[in-house]
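# Fold and contact review
Listed below, chain by chain, are the residues.
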Amino acid sequence: MHTGSFAARAEHGPGKDASRSRPALTLLAALVTLTLAACAGVPHGHPAGAAGAVPASPLAAEAAASAATPAGMDAPLVPGASVAAAAAASGAAAPEDKLDVLLEDNLNPGQKVDLDAPKTHVDLWSRIRVGMAMPELDNDLVRKAEDWYSTRPDYVARMTGRGSLYLYHVVEEVEKRGMPMELALLPFVESAFRADAQSNAKAVGMWQFMPATGRDFDLKQNIFRDDRRDVLASTRAALDYLQRLNKMFDGDWQLALAAYNWGQGNVSKAVARNQKLGLPADYDNIRMPDETRYYLPKLQAIKNIVMHPETFGLELPAVSNHPYFLSVNIDRDIDVALAAQLASLDEETFRQFNPQMNKPVILAASSGQILLPYDNASTFVANLERHRGPLATWTAWVVPRTMKPADAAKQVGMSEAGLREINRIPARMLVKQGSTLLVPRNASRDKDVSEHLADNASIMFAPDVPPLRRVTVKAGKGETVASVARRYRLGSTQVAQWNRVSTKASFKPGQAVVVYLRENQKVVADAEPSKSASTSAPKSAVRATATRTPTKVAAKSPRSASNGKARSTKVANGRNGGGNVASAKTQTTTLR
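It should be emphasised that the depicted structure is a prediction, and the values quoted were computed from it without experimental measurement.

Thresholds applied
Residues numbered from 1 in each chain as written. Predicted model: local features only at pLDDT ≥ 70, side-chain atom pairs only at ≥ 80, totals over all residues. Heavy atoms only, no water. Helix = DSSP H or I, 4+ residues; strand = E, 2+ residues; numbered from the N terminus. Buried < 20%, exposed > 50% of the residue type's maximum accessible area, 1.4 Å probe, protein only. Contact = heavy atoms within 4.5 Å. Areas by Shrake-Rupley, 256 points an atom, 1.4 Å probe, with all protein chains shown as cover. Pairing = 2+ DSSP bridges. Phe/Tyr/Trp six-rings, centres within 6.5 Å; stacked < 30°, edge-to-face > 60°. Salt bridge = Lys/Arg side-chain N within 4 Å of Asp/Glu carboxyl O. Core = buried A, V, L, I, M, F, W, Y, C linked by side-chain atoms within 4.5 Å. Polar contact = N/O pair within 3.5 Å; in protein donor to acceptor, adjacent residues only side chain to side chain. Axes fitted to C-alpha atoms, helices over the stretch in contact; angles between N-to-C directions. Nonpolar A, V, L, I, M, F, W, Y, C, P; charged D, E, K, R; others polar.

### Digging into the overall build of the protein
- The helix and strand inventory of the protein stands at 21 helices and 12 strands.
- With 592 residues in all, the protein has 55% of them scored as buried.
- Within the protein, residue pairs in contact and separated by at least 24 positions form 75% of the contacts whose partners lie at least 6 positions apart.
- Per element, the accessible surface of the protein, about 25,300 Å² overall, is 50% carbon and sulfur.

### Some thoughts on the pairing of strand E2 (residues 325-329)
- Burial within E2 is extensive, with 4 of its 5 residues counted as buried.
- In this structure, E2 lies alongside strand E5 (residues 369-373), joined through 5 bridges in antiparallel fashion. Within E5, the residue paired with Asn 329 across the bridge is Gln 369.

### Observations concerning the packing of aromatic side chains
- The final tally for this structure, using the stated rule, is 9 aromatic pairs.
- Here the aromatic rings of Phe 209 and Phe 217 are separated by 6.4 Å at their centres, their planes lie at 50°, and the arrangement is tilted.
- Judged by its relative accessible area of 0%, Phe 209 falls in the buried class.
- With 5.0 Å between their ring centres and 55° between their planes, Phe 217 and Tyr 241 make a pair best called tilted. With a gap of 24 residues between them, Phe 217 in the loop between helix H8 (211-216) and helix H9 (231-248) and Tyr 241 in helix H9 connect regions that are remote in the sequence. The exposure classification of Phe 217 matches that of Tyr 241, with both residues buried.

### Considerations on the pattern of salt bridges
- Enumeration according to the criterion identifies 21 salt bridges in this entry.
- Between Glu 175 and Arg 127 there is a salt bridge, and its shortest N-O distance comes to 2.8 Å. Of this pair, Glu 175 sits in helix H6 (residues 167-177) while Arg 127 is found in helix H3 (residues 124-130), placing the two residues 48 residues apart along the sequence.
- By relative accessible area, Arg 127 is classed as buried at 13%.
- As a salt-bridge pair, Arg 441 and Asp 333 come within 3.0 Å of each other at their nearest N and O atoms. Of this pair, Arg 441 sits in the loop between strand E8 (436-440) and helix H19 (451-456) while Asp 333 sits in the loop between E2 and strand E3 (334-335), placing them 108 residues apart in sequence. Comparing Arg 441 with Asp 333, the two get one shared label, buried.
- Members of the salt-bridge network, linked through shared partners, are Arg 332, Asp 333, Arg 441 and Asp 448.

### Describing the nonpolar core
- Counting 95 residues, the largest nonpolar core has Trp 207, Leu 242, Tyr 260 and Phe 380 as its most contacted members.
- The dominant element in this core, judged by the number of residues it contributes, is H9, at 9 residues.

### Focus on the pairing of E5
- With respect to burial, E5 is a largely interior element, 5 of its 5 residues being buried.
- Side-chain alternation along E5 places Gln 369, Leu 371 and Pro 373 on one buried face and Ile 370 and Leu 372 on a second face that is also buried.

### So, the environment of Arg 441
- With a relative accessible area of 14%, Arg 441 lands in the buried category.
- The spatial distance from the C-alpha of Arg 441 to the C-alpha of Val 412 is 9.0 Å, given a sequence separation of 29 residues.
- A distance of 3.0 Å separates a polar atom in the side chain of Arg 441 from a polar atom in the side chain of Asp 333.

### Details of the packing of helix H10 (residues 253-262) against helix H13 (residues 295-307)
- As a packed pair, H10 and H13 sit with axes 9 Å apart at the nearest point and diverge in direction by 115°. Contact residues: Gln 254, Leu 257, Ala 258, Tyr 260 and Asn 261 in H10; Tyr 295, Leu 296 and Leu 299 in H13.
- Looking at side-chain class alone, the contact of H10 with H13 contains 6 nonpolar, 2 polar and no charged residues.

### Side note on the environment of Gly 491
- Take Gly 491: it is sitting in the loop between helix H20 (481-487) and helix H21 (492-499).
- Separated by 10 residues in the primary sequence, Gly 491 and Val 481 place their C-alpha atoms 9.2 Å from one another.

Structural measurements only, silent on function.
Written out as structure tokens, the structure reads:
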């Protein structure tokens, strides 16, 4: 989490001669910074249906290293006097037409943002309290959660800063859809309102979407961005998902929330089980994991604190009900570092507002927008108008053939170490044909990345292993998949896959068995050769015939041959799943 000041300013000035036209920008209003003193537990893996481990503490806190509240975030943030004043302070005036658009509210199209309107001075907590509509829970688990929060004021204070960045937008969206306002507090339970949160189960973002569920709700996940961390996109997807679950469970929000945590299939089965037995099939009576059983009590505890903070010895600061952040649409690729500089923000702060960015460049065809504090948005517009020089120094390059990273680096004019680092290429791996790499722009690569590539870019790896040869052996008496695997130090799964049998299969005496060995790996000394061989061996041994094959077939090295099924792994936050080959064919690992 960012620990610097939101007011940080970076020195900047005009660059060299422009090499391309400047982008035309459309600015749409978006978010507000608010303050919240009631908070949540650690992130966990939900919508895919895999419940995480039950926390050891009543509400397992975020990691001990949880980022502190940014400087200046302990109190409500109030925008400056005006957009025009901010532009003037930056040394340049933004065009009037762009300032007019800047003041439009994208949550309420056609309306202007007026920070002096009476409604902006209404405490946001009043809106939340009025909108509460879910059934009350009152049990020992609720008391346990209340005690946990009320005895950790420092933790609550940290949550105040994080939640205040996004809460206004969530409240607006929940209210617009006519949903219970308790749902606006759900990210405190899911992720402690951390947009960059990732659980051990690979759930990501403040709404904790699993990869597959995120894709179901059109949250793009590739090497350039992960929309599960995008505040606007993930909020839209989460509320869509919750509405679907509510409809699935006949308007029962408690069952819908249980399904959001545990998985809709699991809750449906639990409901059907009780109905078959003639038992009540509501939230209080169906069987569920402990973590899911504790999920709603945590939300109820947060609700109780918001409704009556004084009861728990906590104080909720008054929060103005107006936008603070703006969504700035871009139509040209731009480096993250330059965008931050033009907005007079340090890069770390900029990334806090835009956590979905995986790479040091923002692609207009994919991301299309950035979030900025209210006054920084006008500064960005003014400085962009004055900027001369390229906006992006990075672009995407599709690998024309399977290559060693050193060869790819030479072709694009980078060091091998630099190419590996920026693209997170694991050691001892080849980059497969068709992969997309981030590389420096030059005269021959100066175009913005296309929409198709921006949305579908992936990196595929193949192990950089010695050539293999296909060896046919004839099984002796009592030969099994396991015995052949042991003899050649292979995985049973691989041997089974190569021969299209199960891992527990036995071979008939004389049956041909296929294995793939390294070029320098010999057939074991006691093996009985095939009929074409000139030597003999005991009948109890296998007979082998070796034929060299080109490197079209790749296999796991003997040391790592443990999994025979080829797979494709999508990895969030740019972390790779590494990769030994897991089958007779080259394993592909895709980074998302």
